[in-house]
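A look at the structure
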Amino acid sequence: MKKALVVTLFLAVFGVLTACKLAVIVVEGGEVQSNATGTCVAGTICIVDVKEPEFSETFTAVPYEGWYFKEWNKGHRFFCQNHFVTTCSLS
């Protein structure tokens, strides 16, 4: 039986001036994978340093067995909100 809860993931930005940081915050039920920054597992916050103006990365939500992906979380300064597919590209 599928879990009633869903994998909800989000990215938030914080930083100043030319460099900034992305926080990949993964809640219960899955992980977020990225070719450049690796895998961020459930219950963790992974920080991605954005140092180059030509930054480009795709994040993929991967639900664990028995879970399903519903959407990326919504919130002030969250990227990927209103995305209902497992991939989110930022550049």
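These notes cover the structure that comes with them.

What counts and how
- Residues numbered from 1 in each chain as written.
- Predicted model: local features only at pLDDT ≥ 70, side-chain atom pairs only at ≥ 80, totals over all residues.
- Heavy atoms only, no water.
- Helix = DSSP H or I, 4+ residues; strand = E, 2+ residues; numbered from the N terminus.
- Buried < 20%, exposed > 50% of the residue type's maximum accessible area, 1.4 Å probe, protein only.
- Contact = heavy atoms within 4.5 Å.
- Phe/Tyr/Trp six-rings, centres within 6.5 Å; stacked < 30°, edge-to-face > 60°.
- Pairing = 2+ DSSP bridges.
- Axes fitted to C-alpha atoms, helices over the stretch in contact; angles between N-to-C directions.
- Disulfide = S-S within 2.5 Å.

The helix and strand inventory of the protein chain stands at zero helices and nine strands. Secondary structure elements of the protein chain occur, N-terminal to C-terminal, as β-β-β-β-β-β-β-β-β. Relative to its full complement of 91 residues, the protein chain shows a buried share of 37%. Taking the contacts inside the protein chain whose residues are at least 6 apart along the sequence as the reference set, 52% of them involve residues at least 24 apart.

Let us look at the packing of aromatic side chains. Following the criterion strictly, the structure yields one aromatic pair and no others. Between Phe-69 and Trp-72 the ring centres are 5.8 Å apart and the planes differ by 65°, which places this aromatic pair in the edge-to-face class. With respect to class, Phe-69 is no different from Trp-72; both count as buried.

Read from one edge to the other, the open sheet built from four strands follows the order E4-E3-E6-E9, with strand pairing classed as antiparallel. Each having just a single partner strand, strand E4 (38-41) and strand E9 (87-90) make up the two edges of the open sheet. Across this sheet, the average inter-strand angle for adjacent strands is 20°, counted without regard to direction. Bridge count between strand E3 (residues 30-34) and E4: four bridges; the pairing is antiparallel. Bridge assignment links Gln-33 to a residue of E4, and that residue is Thr-39.

As a further point, take the environment of Val-62. You can see Val-62 is positioned in strand E6 (residues 57-63). Of the residues examined, Val-62 reaches a relative accessible area of 26% and is grouped as partly exposed. Between the alpha carbons of Val-62 and Val-41 there is a distance of 9.5 Å; along the sequence they are 21 residues apart. Not counting chain neighbours up to four residues away, the residues in contact with Val-62 comprise Gly-30, Glu-31 and Gln-33.

This part covers the state of the cysteines. According to the stated counting rule, one finds two disulfides in the structure shown. The partner cysteine of Cys-40 in its disulfide is Cys-46, sulfur to sulfur 2.2 Å. Disulfide Cys-40 to Cys-46: torsion about the S-S bond roughly 100°, handedness right-handed. When the cysteines of the protein chain that form disulfides are numbered from the N-terminus onward, they connect as 1-2, 3-4.

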